[in-house]
Amino acid sequence: MFSHIMIGTNDLDRAKSFYDTLLGTLDVPPAFVDRHRIFYRTPTGVFSVSLPINGEPATAPNGGTIGFACASPDQADAWHAAGLAAGGTTCEDPPGVREGANGKMYLAYLRDPDGNKLCALHRM
């Protein structure tokens, strides 16, 4: 459905360090830097972080979450721990199994240093 997702940052170097660490737990190679943006390319899509081109501060969406697919609960836990160690902050409930209309999922949530809400998800 999506070709790419792009979010904003106020500090590109900090964002690259954070996301290189975080996405490395999902076997995503370090970002490619293109002037004021960084790109993570995978066979299933592109995740990008950019300084706002309008010169205004980047802000996190209220109610927005970006989800990253994980191969196992252990990978989701490693993702969460790496994110915290790289400057993210935990949010929502602690990592664990949640049951919903789509069955059991293992979820781990955190916010990046710019306040963007992220989720690691493994469908059980």
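Here the structure is a predicted model, which is why all the values come from computation and not from measurement.

Reading the values: the criteria
- Residues numbered from 1 in each chain as written.
- Predicted model: local features only at pLDDT ≥ 70, side-chain atom pairs only at ≥ 80, totals over all residues.
- Heavy atoms only, no water.
- Helix = DSSP H or I, 4+ residues; strand = E, 2+ residues; numbered from the N terminus.
- Rg over C-alpha atoms; globule rule 2.2 N^0.38 Å.
- Buried < 20%, exposed > 50% of the residue type's maximum accessible area, 1.4 Å probe, protein only.
- Contact = heavy atoms within 4.5 Å.
- Areas by Shrake-Rupley, 256 points an atom, 1.4 Å probe, with all protein chains shown as cover.
- Expected span 1.5 Å × (residues − 1).
- Polar contact = N/O pair within 3.5 Å; in protein donor to acceptor, adjacent residues only side chain to side chain.
- Pairing = 2+ DSSP bridges.
- Axes fitted to C-alpha atoms, helices over the stretch in contact; angles between N-to-C directions.

The next thing to look at is the overall build of the protein chain. Across its full length, the protein chain holds 2 helices and 9 strands. Put simply, the protein chain runs from its N terminus to its C terminus through helices and strands in the order β-α-β-β-β-β-α-β-β-β-β. Computed over the C-alpha atoms, the radius of gyration of the protein chain is 14 Å, within 12% of the 14 Å expected from 2.2 N^0.38 for a compact globule of 124 residues. Expressed as lengths along the three principal axes of its C-alpha atoms, the size of the protein chain is roughly 40 × 30 × 30 Å. Every one of the 124 residues in the protein chain was classed for burial, and the buried ones make up 38%. The contacts in the protein chain between residues at least 6 apart in sequence include a share of 55% that link residues at least 24 apart. Surface exposure of the protein chain reaches about 7000 Å², of which carbon and sulfur atoms provide 54%.

The next point concerns helix α1 (residues 12-24). Taking 1.5 Å as the rise per residue, α1 with 13 residues should run 18 Å; its terminal C-alpha atoms sit 17 Å apart, in good agreement. Sitting at the head of α1, Asp 11 places a side-chain oxygen 3.3 Å from the backbone nitrogen of Asp 13.

This part is about the sheet that holds strand β2 (residues 32-34). In space, the 4 strands of this open sheet follow the order β1-β4-β3-β2, with mixed pairing throughout. Looking at which strands have only one partner, the edges of the open sheet turn out to be β1 (4-8) and β2. Geometrically, the sheet is characterised by an average inter-axis angle of 20 degrees between neighbouring strands, direction not taken into account. As defined by bridge partners, strand β3 (residues 37-42) adjoins strand β4 (residues 45-50) across 6 bridges and the pair is classed as antiparallel. Across the sheet, Arg 37 pairs through a bridge with Ser 50, a residue of β4.

Moving on to the pairing of β4. By the bridge criterion, 5 bridges tie β1 to β4 in an arrangement that is parallel. Bridge pairing links Ile 7 to Val 49 in β4. Counted between consecutive antiparallel strands, the loop separating β3 from β4 contains 2 residues.

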